[in-house]
Amino acid sequence: MRKERRKYTRIATDQIISFSILDASEQLGVGKDISVSGIRFQAIGCELDPGDRIRVTFNVGERTLEAIGEVVWSTELDSVTSEIALNFESLDPEAARLLEELKDE
């Protein structure tokens, strides 16, 4: 059995999220997993590069949360769909607490 190397447990999700490059219009994506440190999601028709800073809005339970982060990697899944990993730079402490509670469920 492979030992988990991640510092934070990832929580699987398939929720619709919104994201935007700072000061640009929002786009929709589908979350794949989330943790206190970041989120991985799929997006259609957008190009994001490592180092891009974006704002992402997502739900945890009944709460809508917002975070700002840096794109760590982006991979083309097909001609229109990309999978993107975002490392949070700014996450509300309440959001971090909610995510920690979810991983324990």
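Bear in mind the structure is a predicted one, so any value in this text is a computation, not a measurement.

Calculation rules
- Residues numbered from 1 in each chain as written.
- Predicted model: local features only at pLDDT ≥ 70, side-chain atom pairs only at ≥ 80, totals over all residues.
- Heavy atoms only, no water.
- Helix = DSSP H or I, 4+ residues; strand = E, 2+ residues; numbered from the N terminus.
- Buried < 20%, exposed > 50% of the residue type's maximum accessible area, 1.4 Å probe, protein only.
- Contact = heavy atoms within 4.5 Å.
- Core = buried A, V, L, I, M, F, W, Y, C linked by side-chain atoms within 4.5 Å.
- Phe/Tyr/Trp six-rings, centres within 6.5 Å; stacked < 30°, edge-to-face > 60°.
- Pairing = 2+ DSSP bridges.
- Patch = residues over 30% accessible without salt bridge, like charges linked within 9 Å, V, L, I, M, F, W, Y side chains within 5 Å.
- Areas by Shrake-Rupley, 256 points an atom, 1.4 Å probe, with all protein chains shown as cover.
- Salt bridge = Lys/Arg side-chain N within 4 Å of Asp/Glu carboxyl O.
- Lys, Arg positive; Asp, Glu negative; His and termini not counted.
- Charge placed at Lys NZ, Arg CZ, Asp CG, Glu CD.

Caption draft 1: How the structure looks around the overall build of the protein. If you tally the helices and strands in the protein, you get 1 helix and 7 strands. For the protein, the sequential pattern of α-helices and β-strands runs β-β-β-β-β-β-β-α. Here the protein holds 105 residues, and the buried ones make up 39% of them. By sequence separation, contacts in the protein at least 24 residues apart represent 47% of the contacts at least 6 residues apart.

Caption draft 2: Broad picture of the nonpolar core. Counting residues in each nonpolar core, the largest one holds 24 residues, and the members touching the most others are F41, V56, F58 and F88. Breaking this core down by element, the ones donating at least two residues are β2 (16-21), β4 (38-44), β5 (53-60), β6 (63-76), β7 (81-91) and α1 (93-103). In contact with F41, other than residues within four places in its own chain, are I17, F19, V30, G31, K32, L48, I54, S82, E83 and I84.

Caption draft 3: Fine view of the packing of aromatic side chains. On inspection of all chains with the given rule, the structure shows 2 aromatic pairs. Ring geometry for F19 and F41: centres 4.9 Å apart, planes at 45°, overall tilted. Here F19 is found in strand β2, whereas its partner F41 is found in strand β4, with 22 residues between them in sequence. Neither residue differs from the other here; F19 and F41 are each classed as buried. Relative to F88, the ring of F58 has its centre 6.0 Å away and its plane inclined at 10°; by these criteria the two rings are stacked. Of this pair, F58 sits in strand β5 while F88 sits in strand β7, and the two are 30 residues apart along the sequence.

Caption draft 4: Examining the pairing of β2 more closely. Pairing of β2 with strand β3 (residues 27-34), which is carried by 4 bridges, proceeds in the antiparallel orientation. Paired with F19 across the strands is Q27, a residue of β3. Between β2 and β3, which pair antiparallel in sequence order, lie 5 residues; one of them, D23, sits at a positive phi of approximately 70°. Here 4 bridges tie β2 to β5, and the two strands are oriented antiparallel to one another.

Caption draft 5: Structural view of a negative patch on the surface. Together, E47, D49, E76 and D78 line one region of the surface with negative charge. By the element assignment, E47 lies in the loop between β4 and β5.

Caption draft 6: Region of the structure containing the pattern of salt bridges. A full pass over the atoms with the stated rule returns 6 salt bridges. When the shortest N-O distance is used, the salt bridge between R53 and E89 registers 2.8 Å. A residue pair is termed long-range when its members are at least 10 positions apart, and R53 in strand β5 and E89 in strand β7 qualify at 36 residues. Residue classification places R53 among the partly exposed residues on the basis of a relative accessible area of 40%. A relative accessible area of 42% means that E89 is categorised as partly exposed. We note a salt bridge from E66 to R55, for which the minimum N-O separation is 3.6 Å. Of the two residues, E66 sits in strand β6 while R55 sits in strand β5, which places them 11 residues apart along the sequence. The structure contains a network of salt bridges with shared partners spanning D33, R40 and E83.

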